[in-house]
Amino acid sequence: MIDSHCHLYEIPEEEWVDNGLEAMVCAGADVETSEKAIELAEKHPNVYATAGIHPEGMGKLRDLSALLEMTKKPKVVAVGECGLDTGSEAEIELFKFNINLAKETGLPVVVHCRNMFDRVFEVLNYDKVQMHCFTGNEEEMRECVRRGWYISFGGILTFKKSEYSREVARLVPEDKLLIETDSPYLAPEPVRGTRNTPVNVKYVLDCLTKVRGTRVEQITSENARRLFGL
Ligand SMILES: [Zn+2]
């Protein structure tokens, strides 16, 4: 199994090291956490890093040129996470900076989108994309897929009230499906409410398997390897 999105630098190492996962993609959210993600990736063969700036990381902005240097490191497999929370001018500027960085380097971009699909569709003219922690509707999912983007499901998919998301997850083309934990956040059922760790990606996988009626472990790993070049 591959956890295609987690924040390992926020979890004690003993809680995720030697967990048997094939790979973990550790997402940076600002300059500082991107540096931490790279450090962990350089130390552990099954850890990969992303470098970018999340909307919430804006307050901690340092020298943006540092990010370009980071993306050149061999274990950096994507730009992000980045995206839109409120759609403010400043957020859009920052999002565009991340997108340009992805285009310049040819890396995929990891996108955080909370109810801002229209703006994301407007701004993001790029085809290598992971829509992380996807909670959109069927129409939004189909537009993402039409653009070649990958749809990544995390713990929210397993929550009792997420029936509609599971219905959307059933319809995603097999070759665009990814699984993730976003750990330490959003622990899935049946461990909801605890500190999440990458190994819990198995619960997301189980949920998807149930919903789709077919095991998607191999295909989601293949998809992650293809998108991130693992
Ligand atoms: Zn995240």
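Just so it is clear, the model here is predicted, and its values are computed rather than measured.

With that settled, the discussion passes to the sheet that holds strand S5 (residues 109-113). The strands making up a sheet associate through backbone hydrogen bonding, with each pair oriented either parallel or antiparallel. Taken in spatial order, the 8 strands make up an open sheet running S1-S2-S3-S4-S5-S6-S7-S8, and their pairing is parallel. Unpaired on one side and paired on the other, strand S1 (2-6) and strand S8 (177-179) mark the two borders of the sheet. Geometrically, the sheet is characterised by an average inter-axis angle of 25° between neighbouring strands, direction not taken into account. Two strands pair when backbone bridges link them, and strand S7 (residues 150-153) and S8 are joined in this way by 3 bridges, in the parallel orientation. Note on S8: the bridge partner recorded for isoleucine 151 is leucine 177.

Within soluble globular proteins, side chains that are nonpolar tend to cluster in buried spots. By size, the foremost hydrophobic cluster in this structure holds 70 residues, and its most contacted members are Cys26 and Ile151. Here the element with the most residues in this core is helix H7 (residues 201-212); it accounts for 7 residues. The contacts of isoleucine 151, once residues within four sequence positions are left out, are Met131, Phe134, Met141, Cys144, Val145, Val172, Lys176, Leu177 and Leu178.

Here we take up the UniProt feature "binding site: a divalent metal cation 2" (unreviewed entry) in the protein chain. When the UniProt feature table is mapped onto this chain numbering, "binding site: a divalent metal cation 2" (unreviewed entry) sits at His112 and His132. In summary, the annotated positions, though distributed over 21 residues, converge in three dimensions, the widest C-alpha pair being only 5.7 Å. By the secondary structure assignment, histidine 112 is in strand S5. Dropping the residues within four chain positions of it, histidine 112 is found in contact with His54, Glu81, Cys82, Gly83 and His132. Relative to the assigned elements, histidine 132 resides in strand S6 (residues 129-132).

Okay, the UniProt feature "binding site: a divalent metal cation 1" (unreviewed entry) in the protein chain next. Look at the UniProt record and you will see "binding site: a divalent metal cation 1" (unreviewed entry) annotated at His5, His7, Glu81 and Asp182. The greatest C-alpha distance among the residues just named is 10.9 Å, despite their covering 178 residues of sequence, which places them together in space. Position of histidine 5 relative to the elements: it lies in strand S1. With near-sequence residues (within four places) excluded, histidine 5 lies in contact with Val25, Ala27, Val110, His132, Ser152, Glu180 and Asp182. With respect to the secondary-structure elements, glutamate 81 resides in strand S4 (residues 76-84). The residues contacting glutamate 81, other than those within four sequence positions of it, are Ala27, Ala29, Thr50, Gly52, His54, Val110, His112 and His132.

A few words on helix H3 (residues 89-105). Its 17 residues give H3 an end-to-end C-alpha distance of 25 Å, which sits within 8% of 24 Å, the value for a rise of 1.5 Å per residue. Each element contacted by the buried residues of H3 is listed here: helix H2 (65-71), S4, S5 and helix H4 (117-123). Immediately beyond the C-terminal end of H3, within one or two residues, lies glycine 106, with a positive phi of roughly 80°.

The set of residues buried in helix H6 (residues 163-171) consists of Ser165, Val168 and Ala169. The buried residues of H6 occupy one face: seen down the axis, they fall within an arc of 100°. Looking at H6, the residues exposed on the side facing more than 90 degrees away from the buried face are Glu163, Tyr164 and Glu167. Where H6 is buried, its residues contact helix H5 (138-146), S7 and H7.

Within the secondary structure layout, threonine 181 lies in the loop between S8 and H7. Note: C-alpha distance between threonine 181 and histidine 7 (174 residues apart in sequence) is 9.0 Å. Apart from residues no more than four positions distant in its own chain, threonine 181 is found in contact with Asp3, Cys6, Gly154, Gly155, Asn196, Pro198, Asn200 and Val201.

Another point: the packing of H6 against H7. Interaxial distance between H6 and H7 falls to 9 Å at its minimum, and their mutual angle equals 75°. One way to sum up the angle between H6 and H7 is to call them roughly perpendicular. Across from Arg166, Ala169 and Arg170 in H6, the residues of H7 making contact are Leu208, Val211 and Arg212. Grouping the constituent residues of the contact of H6 with H7 by class yields 3 nonpolar, no polar and 3 charged.

What counts as what
Residue numbers run consecutively from 1 along every chain, following the written order of its sequence. The predicted nature of this model means local features are confined to residues of pLDDT at least 70 and side-chain atom pairs, given and counted, to a pLDDT of 80 or more, with totals for whole chains, interfaces and linings taken over all residues. Here a strand pair is declared whenever DSSP counts at least two bridges between the two strands. Put simply, DSSP H or I for four residues or longer makes a helix, DSSP E for two residues or longer makes a strand, and each gets a number counted from the N terminus. Only the stretch in contact is used when fitting a helix axis, every axis being a line fitted to C-alpha atoms; angles between N-to-C directions are given from 0 to 180 degrees. A set of buried residues drawn from Ala, Val, Leu, Ile, Met, Phe, Trp, Tyr and Cys, joined through C-beta atoms within 7 Å, is what defines a nonpolar core. Here a residue counts as buried when 20 or more other C-beta atoms fall within 10 Å of its C-beta, as exposed when 12 or fewer do, and as partly exposed in between; the C-beta atoms come from the backbone. A residue pair is marked as a contact if its C-beta atoms, positioned from the backbone, fall within 7 Å. UniProt positions are given in the numbering used here, feature names are shortened, and annotations may be inferred rather than shown by experiment. Helix span is expected to be 1.5 Å times the residue number reduced by one. When we speak of the arc, we mean the arc of directions from the helix axis to the C-beta atoms. Small angles under 35 degrees read as roughly parallel and large ones over 145 as roughly antiparallel, with 65 to 115 read as roughly perpendicular and the rest as oblique. Residues are grouped as follows: Ala, Val, Leu, Ile, Met, Phe, Trp, Tyr, Cys and Pro are nonpolar; Asp, Glu, Lys and Arg are charged; all remaining types, including Gly, are polar.

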